[in-house]
Amino acid sequence: MSEPTGADYRIEKDSMGERQIPASAYYGIQTLRAIENFPISGIKPLPTYVDACVLIKKATAIANGELGCIDQEISRAIARAADEVLAGKFRDQFVVDIYQAGAGTSHHMNVNEVLANRALEILGDEKGNYQRISPNDDVNYGQSTNDVIPTAIRIGALLALEHTLYPALEAAIEAVENKAVEFKDIVKSGRTHMQDAVPVRLGESFRAFGQILSDHMTRIETASLDLTVLGLGGSAAGTGLNTHPQYRARVAKILSELMNQTLQPAPHMMAAMQSMAPFVNVSGALRNLAQDLIKISHDLRLMDSGPKTGLKEIQLPPVQPGSSIMPGKYNPVMAEMTSMVCFQVMGYDAAIAMAASAGQLELNVMMPLIAYDLIHSIEILGNTINVLASRCLEGIVANSDRTRAYAEGSLALVTALNTHIGYLNAAAVAKESLDTGKSLREIVLERGLMSQEDLAKVLDLEKMSAMPGNG
Ligand SMILES: N[C@@H](CC(=O)O)C(=O)O
């Protein structure tokens with residue numbers, strides 16, 4: 001980065017020396033060094049992660065102000081600066097690459113510097129006058145990256161779940177449950193091993209999707225309970241050095257109020273700071289959802305395959321021309337995109353697992369990777385499920401003639417004859433039907449295995465495909 005010139009810069013000083021900082025910048029010298037050290041991915045911190053860090057800084061400023069650890073006026077200025085960032089201002093000032101200093105110290109100092117400089121301006125002072133408000137001594141009073149960042153990952157994940165994933169899952173569940181009702185009488189051939197199996201109802205296939213998704217939502221909600229237990233107040237190593245005795249409880253209470261969610265201090269700060277288990281747990285629940293979502297999106301693609309040479313049991317809503325060369329082609333693009341996002345979530349989960357296992361003694365320095373991968377996982381899954389619901393699931397149309405024809409022609413219907421003519425006789429009927437093209441009905445009657453009347457009762461597709469209790 002080239003140094004700014006003339007009145008365009010201010011001089012800031014840290015333990016390594018002096019540097020020129022662009023006069024307009026709210027970040028400071030430690031952020032500048034991190035920008036230079038980590039030109040890695042070009043990916044800046046996720047807005048939700050910035051929100052999480054800034055919410056924590058607001059809570060710590062209020063707690064430390066109330067406890068007399070920092071000046072009241074400074075506490076109020078930091079809290080106001082935090083509110084401005086939360087309202088969307090200064091977002092371009094959070095600039096450190098996601099692959100950065102272990103533990104997240106660079107991003108953390110970026111947050112401390114932006115809030116200190118904006119708080120200085122709020123008090124009518126100049127940016128960079130750290131004698132008055134210091135990023136380290138005031139904004140970061142009684143805190144360390146080591147307790148702030150694991151807390152920020154918790155808060156960021158909770159925000160992302162609440163704002164993105166849960167509403168999307170609710171919309172998708174509602175969409176497939178509506179389809180379950182709409183398709184309740186539509187009989188289709190079941191398929192196991194990708195071979196003809198006994199008939200089912202298309203509506204039940206969608207009811208199953210709904211149940212699968214709502215079970216995942218419960219699993220994720222259960223896993224996320226761990227995120228509400230905070231190591232904030234442990235400072236550098238979990239002992240709480242430099243914190244007021246009442247700080248832990250007070251900051252958790254203030255953060256709970258800001259989040260409108262019950263958060264509590266961990267029974268053992270060191271454990272909550274060192275162990276990444278809560279993140280692995282949530283990520284595992286996301287991976288689990290992703291795996292079933294892949295299954296569902298693949299099922300949709302299979303059932304929609306065609307239009308002339310595939311199953312075409314359902315029609316997914318066409319949302320864009322599919323081909324750059326083949327006219328009139330509409331591809332199941334929403335389902336395709338869903339699978340890709342799910343693979344990414346599974347990749348993030350593998351990276352999170354490796355990072356989580358790399359803690360040493362008092363700290364796991366791999367937290368920046370966990371922060372990005374976990375929050376991004378939640379958000380891309382949420383965004384995916386949201387558009388999958390509105391642009392695909394809600395508009396699915398059944399091709400009931402096609403499903404009926406497949407179901408009627410399926411050899412697996414002989415399964416219903418097992419209890420009447422025995423498995424071996426039924427297998428012989430199926431084989432003859434496959435070899436000769438004659439219908440199952442015809443062969444059973446020819447062989448005198450059942451009366452026409454009994455056969456009609458047994459080969460009743462509606463009865464065969466009914467779920468117990470659903471008629
Ligand atoms: N991660 C730092 C602490 C901090 O940045 O506050 C360390 O343990 O050295």
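Conventions adopted
- Residues numbered from 1 in each chain as written.
- Predicted model: local features only at pLDDT ≥ 70, side-chain atom pairs only at ≥ 80, totals over all residues.
- Heavy atoms only, no water.
- Helix = DSSP H or I, 4+ residues; strand = E, 2+ residues; numbered from the N terminus.
- Buried < 20%, exposed > 50% of the residue type's maximum accessible area, 1.4 Å probe, protein only.
- Polar contact = N/O pair within 3.5 Å; in protein donor to acceptor, adjacent residues only side chain to side chain.
- Contact = heavy atoms within 4.5 Å.
- Expected span 1.5 Å × (residues − 1).
- Near = heavy atom within 4 Å.
- Areas by Shrake-Rupley, 256 points an atom, 1.4 Å probe, with all protein chains shown as cover.
- Nonpolar A, V, L, I, M, F, W, Y, C, P; charged D, E, K, R; others polar.
- pLDDT = per-residue confidence, 0-100.
- UniProt positions renumbered as here; feature names shortened; annotations may be inferred.
- Phe/Tyr/Trp six-rings, centres within 6.5 Å; stacked < 30°, edge-to-face > 60°.
- Pairing = 2+ DSSP bridges.

If you check an unreviewed UniProt entry, the protein chain appears there as aspartate ammonia-lyase from Microseira wollei NIES-4236.

J.: So what's going on with the side chain of Asp304? Which residues, and what values?
T.: Considering the arrangement of structural elements, one finds Asp304 in helix 10 (residues 277-304). Owing to a relative accessible area of 5%, Asp304 belongs among the buried residues under this scheme. Within the structure, Asp304 has its side chain in polar contact with the backbone nitrogen of Leu316 (distance 3.0 Å). Once residues within four sequence positions are removed from consideration, Asp304 is found in contact with Lys312, Ile314, Gln315, Leu316 and Pro332.

J.: I'd like to hear about helix 11 (residues 333-356), residue by residue, with values.
T.: Residues spaced three or four apart along an α-helix face the same direction, because each turn holds 3.6 residues. Helix length check: helix 11, at 24 residues, gives a terminal C-alpha distance of 34 Å against a target of 34 Å (1.5 Å per residue), a fit within 8%. Where helix 11 is concerned, the buried positions are Val333, Met334, Ala335, Thr338, Ser339, Val341, Cys342, Val345, Tyr348, Asp349, Ile352 and Ala355.

J.: Before we move on, can you summarise the site of the ligand with the specific residues and values?
T.: Surrounding the ligand, one finds Ala103, Thr105, Ser144, Thr145, Asn146 and Leu363. In the model, a nitrogen atom of the ligand is placed 2.7 Å from a nitrogen or oxygen of the Asn146 side chain. Protein burial of the ligand: of its 270 Å² of free accessible surface, 57% is covered by the chains. By residue class, the composition of the shell around the ligand is two nonpolar, four polar and no charged.

J.: Account for the confidence of the model for the protein chain, with residues named and values stated.
T.: Segments scoring low in pLDDT should not have their predicted coordinates read at a detailed level. The share of residues in the protein chain with pLDDT of 70 or more is 98%, and the mean pLDDT across the chain is 97. Across the predicted assembly, pTM comes out at 0.96 and ipTM at 0.96.

J.: Pulling in residues and values, what's your account of the UniProt feature "domain: Fumarase C C-terminal" (unreviewed entry) in the protein chain?
T.: UniProt's feature table lists "domain: Fumarase C C-terminal" (unreviewed entry) at residues 413-464, given in the numbering used throughout. For residues 413-464, the end-to-end C-alpha separation is 9 Å, with 69% helix and 0% strand making up the annotated structure.

J.: Before we move on, could you go through helix 2 (residues 47-66) and cite the residues and values that matter?
T.: For helix 2, which comprises 20 residues, the first-to-last C-alpha distance of 28 Å matches the rise-based estimate of 28 Å (1.5 Å per residue) to within 8%. With respect to burial, helix 2 is a largely interior element, 16 of its 20 residues being buried. Of the residues one or two after helix 2, Gly68 is the one with positive phi, at around 75°.

J.: Mind laying out the packing of aromatic side chains, listing which residues take part and the relevant values?
T.: Under the definition given, this model contains four aromatic pairs. Seen in terms of ring centroids, Tyr26 and Phe90 are 4.5 Å apart; in terms of plane orientation they differ by 50°. Their pairing is tilted. Of this pair, Tyr26 sits in the loop between strand 2 (17-22) and helix 1 (29-37) while Phe90 sits in the loop between helix 3 (72-86) and helix 4 (105-122), and the two are 64 residues apart along the sequence. Both residues of the pair, Tyr26 and Phe90, count as buried.

J.: I'd like to hear about the UniProt feature "domain: Fumarate lyase N-terminal" (unreviewed entry) in the protein chain, residue by residue, with values.
T.: On the UniProt side, "domain: Fumarate lyase N-terminal" (unreviewed entry) is annotated at positions that read residues 17-347 here. Strand forms 8% of residues 17-347 and helix 57%; the C-alpha atoms that close the span are 41 Å apart.

J.: Could you give an account of the pairing of strand 4 (residues 195-201), naming the residues involved and the relevant values?
T.: Strand direction decides the pairing type here: strand 3 (residues 187-192) and strand 4, joined by six bridges, are antiparallel. Paired with Arg191 across the two strands is Asp196, which belongs to strand 4. Counted between consecutive antiparallel strands, the loop separating strand 3 from strand 4 contains two residues, among which His193 sits at a positive phi close to 60°.

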